[in-house]
Amino acid sequence: MSTAEAPPTTCQDMPEGAGAGPRDAADAWQGWVGSRARVRRARDGERTDRPLPPGSVDLASNDYLGLSRDPSMARAAARAARTHGTGAGASRVVTGTHPVLPALEQDLARYAGRREALVFSSGYAANQGLLGALGGSGTLLVLDAHAHASLIDGARLSRAEVRTTAHGDLAEVEVALREHRRRNGVRARAAVVVESVYSVLGDTAPLTETARLCAEHGALLVVDEAHTLAAVPGGSAVRAEGLSDAGHVLVTATLSKALGAQGGAVLLGGEGAGAWRDHLLNTARTFLFDTALAPPAAGAARRALALADERRIGRLIANAEVAHRVLAGHPVTADRVERGAGAVHSVRMRSPGGAVRSAEVLRARGIAVGCFRPPSVPDGIARLRITIHADHDRRRLTRALETVAETINREDT
Ligand SMILES: Cc1ncc(COP(=O)(O)O)c(C=O)c1O
């Protein structure tokens, strides 16, 4: 077949107005979908969504406290389903606010030491909703380069000016805030967006210093506590840093990781907390136009808050210590492991291919690890991500981590 006869492989290849019809349109899109798949495969970037084989050692999920399988969580979910229904049925501002949701909000606020909470259908929706509600043009959002996709998307959709600063670089944040005020006046709105523990490297943001810097520049600080709510001593990193009452610190969280349920929340403190809650209830698009969190998830999350006590969190931290000792003490992983501040340990790999092969071999041997590779790693370095759980048996955990190191040694050459 000559080039002239070759079927179009991208939408751009379609001559304008030529071959208009459902079949041609479908073919053109199929060509494009196929070409995207070829690019992904060439970069070792193809993902799969296979279930975890039964009996695997789970070093990949974010079920940090092992609560998602707690029988009392299942009972709480079933009770909420019987009382309020299996689905919320509508947005919160229509009929979706079943009594379990305000009850969950009260529990969440109390647990995190904050005054108010607003629950969303996911952590992703909470981040998008909050950043979108911080205002359009005239607002500056300063995002850390390692911010989660939900924060990046929220910032993009907000129509605010967005600046991305180098990971953990407070000096750059300060320059951005200073310039914004110089250009737009001292009342110019700005918010700095960080994660308490970053999902890729497992490292922390300097919350106290960032909150102080924000206060000095009249800016808000948005802290995504996805990886710290119920996973650090005291249950919240913001609380542990004594920032619960700081009105300029807005917290987002997920109910889907350490709390073993599903959903997200914005947690608000200080005297303006009620006004912020009203503002979000009226303007956050993912709150207004999304069906409310399903009652069973809310019931389970309430139960999780009762279970996520210092004893369970202490077990998580002790297991994370064990994991760090094994990985930092093994000749293969010693130089590659990032010291996670919490339960997330990140192991640098030489290549995306090595990461994929290692994760595959480990999976076949009954060990699940996270496999992060470009484009979803902010610095372009492929990594295996290992998450520790409170209910990991120490001996099994140690053996699994040794297998991880041996596998990396063989596969990531
Ligand atoms: C830092 C961070 N924020 C937000 C989310 C989204 O939360 P959810 O899974 O509840 O939508 C995640 C993970 O999924 C995350 O890692």
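Values in this document were obtained by computation on a predicted structure and should not be read as measured data.

What counts and how
Residues numbered from 1 in each chain as written. Predicted model: local features only at pLDDT ≥ 70, side-chain atom pairs only at ≥ 80, totals over all residues. Heavy atoms only, no water. Near = heavy atom within 4 Å. Polar contact = N/O pair within 3.5 Å; in protein donor to acceptor, adjacent residues only side chain to side chain. Areas by Shrake-Rupley, 256 points an atom, 1.4 Å probe, with all protein chains shown as cover. Helix = DSSP H or I, 4+ residues; strand = E, 2+ residues; numbered from the N terminus. Pairing = 2+ DSSP bridges. Axes fitted to C-alpha atoms, helices over the stretch in contact; angles between N-to-C directions. Phe/Tyr/Trp six-rings, centres within 6.5 Å; stacked < 30°, edge-to-face > 60°. Buried < 20%, exposed > 50% of the residue type's maximum accessible area, 1.4 Å probe, protein only. UniProt positions renumbered as here; feature names shortened; annotations may be inferred.

A. How the structure looks around the site of the ligand. Around the ligand, a shell composed of 15 residues is seen, among which Gly123, Asp224, His227, Thr254 and Lys257 lie nearest. Residue Tyr124 places a main-chain N or O atom 2.9 Å away from an oxygen atom belonging to the ligand. The separation between an oxygen atom of the ligand and a polar side-chain atom of Ser256 is 3.0 Å. Here the ligand has 380 Å² of accessible area as a free molecule, and 84% of this is covered by the chains. A total of three residues in the shell around the ligand trace back to one element, the largest contributor, which is helix 5 (residues 123–132).

B. Looking closely at the sheet that holds strand 3 (residues 139–144). The mixed open sheet is built from seven strands, whose spatial order is 2-8-7-6-5-3-4. The sheet terminates laterally at strand 2 (116–120) and strand 4 (161–165), the two strands that pair on one side only. Going from strand to strand, the sheet's axes swing by 20 degrees on average, the running direction of each strand aside. As paired strands, strand 2 and strand 8 (residues 264–268) are joined by five bridges and run antiparallel to one another. Within strand 8, the residue paired with Leu118 across the bridge is Val266.

C. Geometry of the packing of aromatic side chains. Within the structure shown, the criterion is met by two aromatic pairs. With centroids separated by 5.5 Å and ring planes inclined at 90 degrees, the aromatic side chains of Trp29 and Trp32 adopt a geometry described as edge-to-face. With a gap of three residues between them, Trp29 and Trp32 both fall in helix 1 (residues 22–42), about one helical turn apart. Owing to a relative accessible area of 34%, Trp32 belongs among the partly exposed residues under this scheme. Judged by centre distance (5.5 Å) and plane angle (70 degrees), the rings of Phe120 and Phe287 are edge-to-face. Here Phe120, found in strand 2, pairs with Phe287, found in helix 11 (residues 285–288); they are 167 residues apart in sequence, far enough to count as distant. For Phe120, a relative accessible area of 2% translates into the label buried.

D. Region of interest: the UniProt feature "domain: Aminotransferase class I/classII large" (unreviewed entry) in the protein chain. UniProt's entry tags residues 57–403 with the feature "domain: Aminotransferase class I/classII large" (unreviewed entry), counted in the numbering of this structure. Annotated as residues 57–403, this span is 44% helix and 17% strand, and its ends, taken at the C-alpha atoms, are 11 Å apart.

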